[in-house]
Structures are given as structure tokens and as C-alpha cells.
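# Examining the three-dimensional arrangement
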Amino acid sequence: MTGAEPGTALLLGLLGSGHCLGMCGGLAGAFGLGGQGRVGLKLIGYNLGRISTYTLLGAVLGLLGAGAVHLAPELARVLRGAAGLLLIALGLFISGWWMGLTRLEKVGLIVWRRLQPLRQRLPAPSGMGSAYLLGTVWGLLPCGLVYSTLALALSSGRPGPAALTMFCFGLGTLPSMLASGAASQQLRQLVQRRGLRNLAGLVMIGFGLWTLLFPWLMGGHHH
């Protein structure tokens, strides 16, 4: 753990806004979460629920990573290497240069289909509390962006930093997810520009290379 993972995760959430809008942007309209007043509070509740799920998943994976590294310390570099490779794949995916990450989303879709009955039993949100509950379920929606950041959290090998990493990632996705109406459309057009997508992809690939190579560059001084 370099200490840079929460900041990296925050930027991943911001740079992945285009993917967030494509995956989850329509949910606000479908469940009546956009708009003003109480409806606006429902949108906030939904996103708080989504971020809570990310944070909890980060803590669980951090705990699992801690146990694995305790049993086999050499796994620390393996976990970090896997996280770096996934971040590189994410950069290629966001830029549209290689779509291999969709295969990972298809694996997650198997789990999501098992959760569909639970989601369908939840009523349309009538307030912030029920929207929060809905958001905790939608936080499990298959997403390569989430999976790549979870791999980064797992590589920390500690539940606290891993949870913080996923919380910061969720914060990074908030601007795009809270936008509605004309603002959402303008933001979608901005983040889907080819030049911006290429730039975001290159930055993510840079994060991946740093994550992958950091332990080897530091040698025996890295813990």
C-alpha cells in the first residue's frame, strides 16, 4: 500500500464518468430519482446506498487480502500485479482500444441475475430511505470500472485502507451520477468525446503501470 490508492480511486471515479453515465445514468429516470425537492433527496439516497455497498465490498476484500498475505506474504506482489493489469485493461476499455474487460462484466452478470428477484421485490422509492436501500442493491451492478477499483482495494491487504479506497471511488462518481436533465446530457456529450476518452484511458493505463511496477521499483524497501 503506497498511500496513493484513495486518491487514485477518486480519479478513477471521475475519469470513468462516461462509463458511469452509460451503466447507471438511466436508472435515475427509470426509478423517478431525478428532479427537485424530495425527488432530489431520493437521488442522493440512491447514491449514498451505492457508495455504502462499494465501501463494504472494499472492507471485505481488504480483510480477505490481509488474511491471504498473512498466510503467504509473497501474495502481496501478486495481488498488486493483478490490480495493475486490471487498471491497464480498464484504460484500454475506457478509451475503446480493447474491450476485453466486458468479459469480466459478463461474469458479474451471473451474480447480478441471482440478485434480480431481490431488486424486483423492492418498491419504487418513495423517500430517501427507500432510495438508499435500492442504491445498496444497485451497487452490485456488474461494472468493469468497479471491479478494477476493487482489485486495487484488495491489493492493500488491509480492510480500513481498502474501504477508504472504495469510498473515494464512489465520491469520484458522484458528479456524473447527481447530474440530471440538461446537465446530464451536456456531461454525457463532454465525457464521450474521443479526445477526452483517450486521455482518461492513458491516465488509467499510467495508474496501472505504476501499481504494477511499484513493488519491483522499490525492491526490498516496499512493505
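Refer to the structure presented above.
Everything in this summary refers to the structure shown in the same document. (Residues numbered from 1 in each chain as written. Predicted model: local features only at pLDDT ≥ 70, side-chain atom pairs only at ≥ 80, totals over all residues. Heavy atoms only, no water.)

### Looking at the overall build of the protein
When its secondary structure is counted, the protein shows 10 helices and zero strands. Each helix (α) and strand (β) of the protein, taken in turn from the N terminus, gives the series α-α-α-α-α-α-α-α-α-α. Burial analysis of the protein (223 residues in total) assigns 44% to the buried set. Sequence separation of 24 or more characterises 80% of the internal contacts of the protein that already satisfy a separation of 6 or more. By element, 70% of the accessible surface of the protein is carried by carbon and sulfur atoms, the whole surface being about 10,800 Å². (Helix = DSSP H or I, 4+ residues; strand = E, 2+ residues; numbered from the N terminus. Buried < 20%, exposed > 50% of the residue type's maximum accessible area, 1.4 Å probe, protein only. Contact = heavy atoms within 4.5 Å. Areas by Shrake-Rupley, 256 points an atom, 1.4 Å probe, with all protein chains shown as cover.)

### Considerations on the packing of aromatic side chains
Per the stated rule, a full pass over the model turns up two aromatic pairs. Between Tyr54 and Phe169 the ring centres are 5.5 Å apart and the planes differ by 55°, which places this aromatic pair in the tilted class. Of this pair, Tyr54 sits in helix H3 (residues 37-71) while Phe169 sits in helix H8 (residues 159-178), and the two are 115 residues apart along the sequence. Across the pair, Phe169 and Tyr54 agree in class, each one buried. The interplanar angle of 40° and the centroid separation of 4.9 Å between the aromatic rings of Trp112 and Trp138 together place this pair among those described as tilted. (Phe/Tyr/Trp six-rings, centres within 6.5 Å; stacked < 30°, edge-to-face > 60°.)

### Some words on the packing of helix H7 (residues 144-154) against H8
Two elements in contact, H7 and H8, have axes separated by 9 Å at closest approach and are oriented at 150°. Looking at the two axes, H7 sits roughly antiparallel to H8. Viewed along their axes, H7 and H8 form a crossing whose handedness is right-handed. In this structure, H7 uses Leu145, Val146, Thr149, Leu150, Leu152 and Ala153 to contact H8, whose residues at the interface are Ala162, Thr165, Met166 and Phe169. The residue inventory of the contact of H7 with H8, partitioned by class, reads eight nonpolar, two polar and no charged. (Axes fitted to C-alpha atoms, helices over the stretch in contact; angles between N-to-C directions. Parallel < 35°, antiparallel > 145°, perpendicular 65-115°, else oblique. Left-handed = near helix turned anticlockwise from the far one by under 90°. Nonpolar A, V, L, I, M, F, W, Y, C, P; charged D, E, K, R; others polar.)

### As for the packing of helix H5 (residues 102-121) against helix H6 (residues 128-138)
The geometry of H5 relative to H6 is characterised by a closest axis approach of 10 Å and an angle of 165° between their N-to-C directions. Judged by the inter-axis angle, H5 sits roughly antiparallel to H6. Once H5 is placed against H6, the crossing between them reads as right-handed. From H5, Trp112, Leu118 and Arg119 reach across to H6, where they touch Leu134, Val137 and Trp138. Looking at the contact of H5 with H6, its residues break down into five nonpolar, no polar and one charged.

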